[in-house]
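# Architecture at a glance
The primary structure of each chain is shown beneath.
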Number of protein chains: 2
Amino acid sequence: MAYTIIDGCPSTSGDDFQLNTTTLLKHAARVYPEVEVVSRRSDGTLFRYNYKGVHERCQQMANALVRLGVKPGDRIGVMGWNTHRYFELYFAISGIGAAVLQMNLRLPPHDLSYVVNHSEAKFIFVDESLVPLVEAVAGDLKTVEGFVVMTDEKLDENRVQLRPVMSYETLMAAEEPVFDWPMINERSTYSASYSSGTTGKPKGVYYSHRCIYLHTTAVVIDQRVCHNDVIIQIVPMFHCQGWGLWLCGPMTGAKMVFPGPYSVDTAGALVDLIVSEKVTFGGGSPAIFMPMLEYIRTLPEKPDLSGLRMVSGASEPPLSMMQGYWDLGHAQIVHGYGATETTPIILINTPKPAIDHWPQEDKWNNQRKQGLPLPGSECKIVDAEGHAVPSDGETMGEILFRGPWVTREYYDDPRTIDCFTEDGFWKSGDVGTVDAHGYVKVTDRIKDVIKSGGEWISSIDLENAIMGNENVLEACVVGLSHPKWDERPVAFVVLNPYRADKSVTKEDILKRLEGRFAKWQLPDEVIFVDELPKTSVGKLDKKVLRAENEHFFR
Amino acid sequence: MAYTIIDGCPSTSGDDFQLNTTTLLKHAARVYPEVEVVSRRSDGTLFRYNYKGVHERCQQMANALVRLGVKPGDRIGVMGWNTHRYFELYFAISGIGAAVLQMNLRLPPHDLSYVVNHSEAKFIFVDESLVPLVEAVAGDLKTVEGFVVMTDEKLDENRVQLRPVMSYETLMAAEEPVFDWPMINERSTYSASYSSGTTGKPKGVYYSHRCIYLHTTAVVIDQRVCHNDVIIQIVPMFHCQGWGLWLCGPMTGAKMVFPGPYSVDTAGALVDLIVSEKVTFGGGSPAIFMPMLEYIRTLPEKPDLSGLRMVSGASEPPLSMMQGYWDLGHAQIVHGYGATETTPIILINTPKPAIDHWPQEDKWNNQRKQGLPLPGSECKIVDAEGHAVPSDGETMGEILFRGPWVTREYYDDPRTIDCFTEDGFWKSGDVGTVDAHGYVKVTDRIKDVIKSGGEWISSIDLENAIMGNENVLEACVVGLSHPKWDERPVAFVVLNPYRADKSVTKEDILKRLEGRFAKWQLPDEVIFVDELPKTSVGKLDKKVLRAENEHFFR
């Protein structure tokens, strides 16, 4: 325990009543039995049922799991698209006290087998179209006792190399739709997701029932999700539990829509589903919202997306994209922030009444911030000495989080020790500011922020400003070790080969930064290079630049 | 523990992070510092500050409490109207690990001193205007070490007989507005309320921090409370914590309005406050909503109450009252149900999308039901053998509740044993039905429902039907012990002295019930009496009728 807990007078409340997924499933089945759940099959047709049917199939699957020998505490791998079956498995597996291991289908094979082995998964459930991904690693899996294929057709075992292999629907059909759900300890894992960084093995985050329950209440409260909503589950359920949006439906009685397999190339199908099912709420990233918007632009008749609000994560939503949706009946793209370690939603940029009177341009700019902490969580931005920075929107510090849905450690992993403060805050590794209205803005990664004479300089702010110069193709600013100032910024610039001005100098670059930055924030040097080092996923690799130039000032 | 809890795989989530009131106070101060809190003084003027100011004063008061010697686990009595000071005390007292004892100013003196002594309260905070109520019992209080008077003026000690006596504002003024809030165990009592039945001493319900936190999330979710709302705290904070509505503001950033002292005779002041502060949400009972509506009817210009929704508890809201508010810009009176034991809100009659297409009259009739269980709680209606009754809207059973905000016992009280099932459900003592849409309807008290040949007959339904006869002034139906059927209904009827028909017979009474009730449900006998026995609060005393007629069928 990372903090002291003070005991008061014992209560008489039902404090032993556990927070868990089953409570919400039963709630939906009892109070909203008639509400629809829609799932898009891989052939594009729609499967429709309702919360009463969901509860019945979950009870059948719970019986099947018990018959398979699954015990409380077991981990069960699931590799699937966003379908009603994944939805059912979240409830059925966690409802008997076992845990859903989310198998990220974008992991390279050696990481995927590491994740399955590290979690000691006992069975793997896999969508038929994803069977090859599991076959590729099956030989390396040390604890898996069997495979269950999820398919709309009759399973053709000859086409699958996994053994022993079973069919999801056949298992289910053999069972009664009645199951006496046990009361699961809320501190038990309901599902696990592995965070994959650029270096090292993935780190396990094992989410408790309590964690996802409270995360859901906070998202529902912040986004005012209710039974009039229709929620589309765009965010993949195979990582960070699809931001837990699937649980917002059962909690509130909102209709759920699962889009099945999709990619950026088939983003139009998501738009069609949003329009036909009258979707009002969802989440995703600019990587999918952009092609969706492009698809809409090809439509002869623009859809009316009024009432739609979508939380956008992963990266800053471009202003033009937010405005593009706004023009379709005032659909809102709301910036959110999170990480595997925060379940993930922890900040959402909900416009407050206090800024209603701002000029529209200021409001749009404010929308680019990461937002306000959700109720129930704690967010702290601290300087190098651990003191909270002032709420001035300027002073940078590392962003720390604590709360019921913030992880306190990594599962069976020695890397835990570096990532948490003594009083239980997770160190996000992001640097940012907070303004007088409480809005948090991420300005840098802590490993990239430049520490100069006790002050911090945002490498990203400098890069964005330098790239505002039309003669510049790319820019990368890193802090290089300095004998007097600890670090000083140095800019590495790739000039645009088609530039108008063939004789761009360091002074030209710096001149454009004056007035926007304090003098001490300006790069000491501008170095023109032909290309910048990149990581395997195409991000600037500042680590390499720093290593190559470590003696620059010495 | 009343149920088995199954352990799964341990999680890595921040499960030790406690749910408590302080988290929400800090949230409001950090994210919504500018949002107003308004409190009406006894002279009718308004005190205005904001969540930043609330947090500062709470920190001052926390320092003052510590200086007074208040320790975690202590109980501190508060007797006050709904003001900003009561609001502050809920946070300051619970925030240091002590508990607010809610002193119901409507309790008779012997019950009030019982409550203070049973809870062993250490200090009492009292509004200046309520000092006489505390003075009346001061001699009987065994554990109280001092009194703090809450007043807008300078305290005149000579006018107060309580000793030692201090002033709230003077205590506060001596302290710094900085306090390092500890992490309180969520299972600790944050506040206690005593349930006063018609017989016996009040029973103590000690609410945990976890309980009020989760109750608040459920109310906020069900009623979609958000930072655009303005909440009026009409429900007295001195009993059932004013339904916890005061905590909905800090959780969501909604503005809070505290009306100070009021009565049914000054209900107009509440209306004025609702209009001037643009209130959108609140709670109360028909006992106050009716005189408010009457006041509105006297106004030459009717206020526009569009956007206002009020949860109405305690008794069934008359249709005419709900319609009266609806006519003022579609203000909604939403029926809710609860008890001291359920914190209190556990059912709310929120209209579901599935009944949108119903004829308006059916919708109004549906609005008279008690409603749907809030997410996170469990509601079960069971027959005499403990089996769930069918969801047919007809079959009656006892209504049981379980959940994080349902009490599991009474504090230090042997009466606990009769009031709970083995699996931890609280037996509400109410009998009701549930329909196919999940709406619960209370039809009787279990002690009054008539058990005939294994079936239940609602005494209230029969009474309402009999009173539909214009010749009847009052009716009371009780089940009398019967050798063959266990119990059989007998109706006691007071005829209207001004009746048109002077020769009303048993047959006249029964004829009107035919067709609306099955034959076996009809009373075996109709007895005309001059008056019916009543309790001290004017309710029918069926106990007396049953005792006086216990040998009727034997």
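Everything in this summary refers to the structure shown in the same document. On a predicted model such as this, the values are computed, not experimentally measured, just so you know. (Residues numbered from 1 in each chain as written. Chains lettered and ligands numbered in written order. Predicted model: local features only at pLDDT ≥ 70, side-chain atom pairs only at ≥ 80, totals over all residues. Heavy atoms only, no water.)

## Focus on the sheet that holds strand β17 (residues 345-348) of chain A
Residue and element names in this part refer to chain A. The nine strands lie next to each other as β3-β2-β13-β12-β14-β15-β16-β17-β18, forming an open sheet whose pairing is mixed. Looking at the sheet topology across the chains shown, the edges are occupied by β3 (46-50) and β18 (372-373). On the sheet, helix α7 (residues 209-223) packs against β14 (281-284), β15 (309-312), β16 (332-338) and β17 and is oriented at approximately 15° with respect to β17. (Pairing = 2+ DSSP bridges. Helix = DSSP H or I, 4+ residues; strand = E, 2+ residues; numbered from the N terminus. Contact = heavy atoms within 4.5 Å. Axes fitted to C-alpha atoms, helices over the stretch in contact; angles between N-to-C directions.)

## Topic: the side chain of D435 of chain B
Residues and elements named next belong to chain B. Along the polypeptide, D435 turns up in the loop between β21 (426-434) and β22 (440-445). For D435, a relative accessible area of 11% translates into the label buried. Within the local environment of D435, its side chain forms a polar contact with the side chain of K369, the two groups lying 2.8 Å apart. Here the side chain of D435 touches H437 through a polar contact of 2.9 Å, landing on its backbone nitrogen. If we ignore the near neighbours within four places in the chain, the residues touching D435 are N366, K369, S391, D392 and G393. (Buried < 20%, exposed > 50% of the residue type's maximum accessible area, 1.4 Å probe, protein only. Polar contact = N/O pair within 3.5 Å; in protein donor to acceptor, adjacent residues only side chain to side chain.)

## A few points about the interface of chain A and chain B
If you look at the interface, chain A gives 82 residues, while chain B gives 83 residues. Between chain A and chain B the total buried area reaches about 7000 Å² when both faces are included, carbon and sulfur atoms providing 54% of it. Run the count over chain A and chain B and you get eight salt bridges. Viewed at the interface, chain B and chain A are joined by 58 residue pairs in polar contact (both at pLDDT 80 or more). Here the element with the most residues in the side of chain A that touches chain B is α7 of chain A; it accounts for seven residues. Here the residues of the side of chain A that touches chain B sort into 40 nonpolar, 26 polar and 16 charged. With two bridges joining them, strand β9 (residues 183-184) of chain A and strand β1 (residues 5-6) of chain B adopt parallel strand pairing. In the strand pairing of β1 of chain B, M183 of chain A is matched with I5 of chain B. (Buried area = accessible area lost by both parts, 1.4 Å probe. Salt bridge = Lys/Arg side-chain N within 4 Å of Asp/Glu carboxyl O. Nonpolar A, V, L, I, M, F, W, Y, C, P; charged D, E, K, R; others polar.)

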